[in-house]
Amino acid sequence: MAEQIYTKRGPVKQNYGWKEELQNRIESAEALLAALPWLPDSPVFRRLYKSADEFVQTTGALASGFRFSVTPYYLALANRFNPFCPILLQVLPQSLELVDPVFARPDPLAEEQHQAVPGLTHRYPDRVLWYLSHNCAVYCRFCMRKRKVSQADSAPTKEQRQLALQYISSNPQIKEVILSGGDPLSLSDSSLNEILAELRAIPHLSSLRIHTRMPVTLPARITTEFGEMLRKHFPVTLVTHFNHAVEITPEAANAVKTLRMNGVLVLNQTVLLKHVNDSLSAQEDLLLGLLRIGVKPYYLHQCDEVRGVSHFRASTETGLQILAGLQGRNPGIAIPKYVLDLPGGGGKIPLENDYRVQDADGDPVYRNFRGHLFKTSGDLE
Ligand SMILES: *Cc1c(COP(=O)(O)O)cnc(C)c1O
Ligand code: SF4
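J.: Please give an account of the state of the cysteines that cites residues and values.
T.: If you walk through the whole model with that rule in mind, you get zero disulfides. The structure places no disulfide on Cys303, whose sulfur is separated from the nearest cysteine sulfur, that of Cys143, by 10 Å. Overall, Cys303 belongs to the buried group, its relative accessible area being 2%.

Pasting the structure below:
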């Protein structure tokens, strides 16, 4: 739970507005070291850097490509004693981002190639992903869109937004629009209200969806007014992005409650991240914690092969083992779909364990979550 809020001016009391919190984000290595005097002596820091100088240099060298920024709220969740603190691991820039030994492509999913108009990725026939903002409250080091997120020149212009709307309204095969970014909740309530109203007026759309990490990184963004605005556009689906149980705080729970009370369907996507959440117990704590605050787990993503991210990637073997461990031992509604977004722009596919196997005669048999085998009479025909 967030006990103390750090700002550029030092610790202050909690519960100030989200705009003030955004203005007080920690945006440089020096500011972070000032906010967390214990950081250089913490086990996670010692594991990642030889010295505080190395940390400052790395963060500086990365700043022009993918900025460093963390909200006081999110930083207050850091654990100084944990060598694998999931909060710090998600926000601390590492030199491996500069020279990735494994992944070479900045855009392995070919999102730029599949842009129908600037900012609008149209990969599946029926859905478009709309890049509305380059800003986020916190920059996640594993971000799959770090080629453009955090960079001012990637921000869509008013004309581009108009073009995107025209494209959506003139293509009736589009059934769903996903507002994404960056974080679309970095836009003002009135801009979002306008966009949602314009989309609502397009008769062939069945679903409006928002992808945002703000309930996790800046829960104060989910104000009563924001909730009431979404209520007017019912039904809206909001997919958020919790990666670890420590992110499930009373503040985050309140944000979700505000959304749910205003009729918003709240789902979660998680990225499988090495040392952060690549164990069965970490996933169970996360998934049950999500149910407890009223969030339905939707996707567990295999980490994309984005340049500068390979140190976060866990194997699909690990992911499938976790999935097998979850099955049958947790409420079915807690279990997400495990997906791989194919490099080259092939789209997402589900990664699944096989519960339909063959016996010695080649007939189908079914394996349950305990590994016991069963036959059905239907297959004997
Ligand atoms: C992930 C993604 C979507 C949404 O996929 P769902 O499986 O419907 O959640 C849409 N467009 C693009 C380009 C995507 O990467
Ligand atoms: S909030 Fe999403 S878009 Fe923004 S840095 Fe994190 S992963 Fe990337």
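J.: Can you explain the packing of aromatic side chains? Please cite residues and give values.
T.: Within the structure shown, the criterion is met by six aromatic pairs. On the basis of an interplanar angle of 50 degrees and a centroid distance of 4.7 Å, the ring pair of Phe45 and Tyr49 is categorised as tilted. Judged on exposure class, the residue Phe45 and its partner Tyr49 are both buried. Between the aromatic rings of Phe142 and Phe312, the centroid separation amounts to 5.7 Å while the plane-to-plane angle is 80 degrees, which identifies the pairing as edge-to-face.

J.: Explain the pattern of salt bridges to me, using residue names and the numbers behind them.
T.: Following the criterion strictly, the structure yields 19 salt bridges and no others. Glu111 serves as the salt-bridge partner of Arg147, at 2.8 Å between the closest nitrogen and oxygen. Of this pair, Arg147 sits in the loop between strand 3 (127–131) and helix 7 (158–169) while Glu111 is found in the loop between helix 6 (86–91) and strand 1 (115–117), placing the two residues 36 residues apart along the sequence. Per residue, the accessibility class of Arg147 equals that of Glu111, and both read buried. When the shortest N-O distance is used, the salt bridge between Glu305 and Arg313 registers 3.4 Å.

J.: Residues and numbers for the site of ligand 2, please.
T.: Close to ligand 2 lie Cys136, Val138, Tyr139, Cys140, Cys143, Gly182 and Arg213. Here the residues of the shell around ligand 2 are counted per class, giving five nonpolar, one polar and one charged.

J.: Quick one: what's the story with the environment of Glu198, residue by residue and with numbers?
T.: Summarising the element assignment, Glu198 is placed in helix 8 (residues 189–200). Between the C-alpha atoms of Glu198 and Ser169, which are 29 residues apart in sequence, the distance is 9.6 Å. Residue contacts for Glu198: discarding those within four places in its chain leaves Gln162 and Leu165.

J.: Describe the site of ligand 1, naming the residues involved and giving the relevant values.
T.: Around ligand 1 sit Thr121, Arg123, Tyr124, Arg127, Ile178, Arg209, Tyr298, Tyr299, Asp341 and Lys348, and those are all the residues in its vicinity. In this structure, Arg209 approaches ligand 1 through a side-chain N or O atom, which is 2.8 Å from an oxygen atom. Between ligand 1 and the protein, one listed contact pairs an oxygen atom with a side-chain N or O atom of Tyr298 at 2.7 Å. Considered on its own, ligand 1 offers 390 Å² of accessible surface; in the complex 92% of this is hidden by protein. Here the shell around ligand 1 is built from residues that sort into four nonpolar, one polar and five charged.

J.: Describe in detail the sheet that holds strand 6 (residues 236–240), supporting the description with residues and values.
T.: One open sheet accounts for ten strands, arranged 1-2-3-4-5-6-7-8-9-10; its pairing is mixed. Only two strands of the sheet have a single partner each, and these edge strands are strand 1 and strand 10 (347–350). Sheet analysis places strand 1 next to strand 2 (residues 120–121), joined by two bridges and oriented antiparallel. Opposite Val117, over in strand 2, you have Leu120 as the bridge partner.

J.: Can you tell me about the sheet that holds strand 13 (residues 373–374), naming the residues and giving the values?
T.: Here three strands make up an open sheet; going across it, the order is 11-12-13 and the pairing antiparallel. The open sheet terminates on both sides in strands that have one partner only, identified here as strand 11 (356–358) and strand 13.

J.: With reference to specific residues and values, describe the pairing of strand 7 (residues 265–271).
T.: The element strand 7 is largely enclosed, with a buried count of six among its seven residues. Where strand 6 meets strand 7, four bridges bridge the pair, whose relative direction is parallel. Bridge pairing in strand 7 places Thr240 opposite Asn268. Here strand 7 runs beside strand 8 (residues 296–301); their pairing, made up of five bridges, is parallel. Bridge pairing links Thr270 to Leu300 in strand 8. Crossover connection from strand 7 via helix 12 (residues 280–293) to parallel strand 8: handedness right-handed.

What counts and what doesn't
- Residues numbered from 1 in each chain as written.
- Chains lettered and ligands numbered in written order.
- Predicted model: local features only at pLDDT ≥ 70, side-chain atom pairs only at ≥ 80, totals over all residues.
- Heavy atoms only, no water.
- Disulfide = S-S within 2.5 Å.
- Buried < 20%, exposed > 50% of the residue type's maximum accessible area, 1.4 Å probe, protein only.
- Phe/Tyr/Trp six-rings, centres within 6.5 Å; stacked < 30°, edge-to-face > 60°.
- Salt bridge = Lys/Arg side-chain N within 4 Å of Asp/Glu carboxyl O.
- Helix = DSSP H or I, 4+ residues; strand = E, 2+ residues; numbered from the N terminus.
- Near = heavy atom within 4 Å.
- Nonpolar A, V, L, I, M, F, W, Y, C, P; charged D, E, K, R; others polar.
- Contact = heavy atoms within 4.5 Å.
- Polar contact = N/O pair within 3.5 Å; in protein donor to acceptor, adjacent residues only side chain to side chain.
- Areas by Shrake-Rupley, 256 points an atom, 1.4 Å probe, with all protein chains shown as cover.
- Pairing = 2+ DSSP bridges.
- Right-handed = clockwise from strand over helix to strand, strands pointing away.

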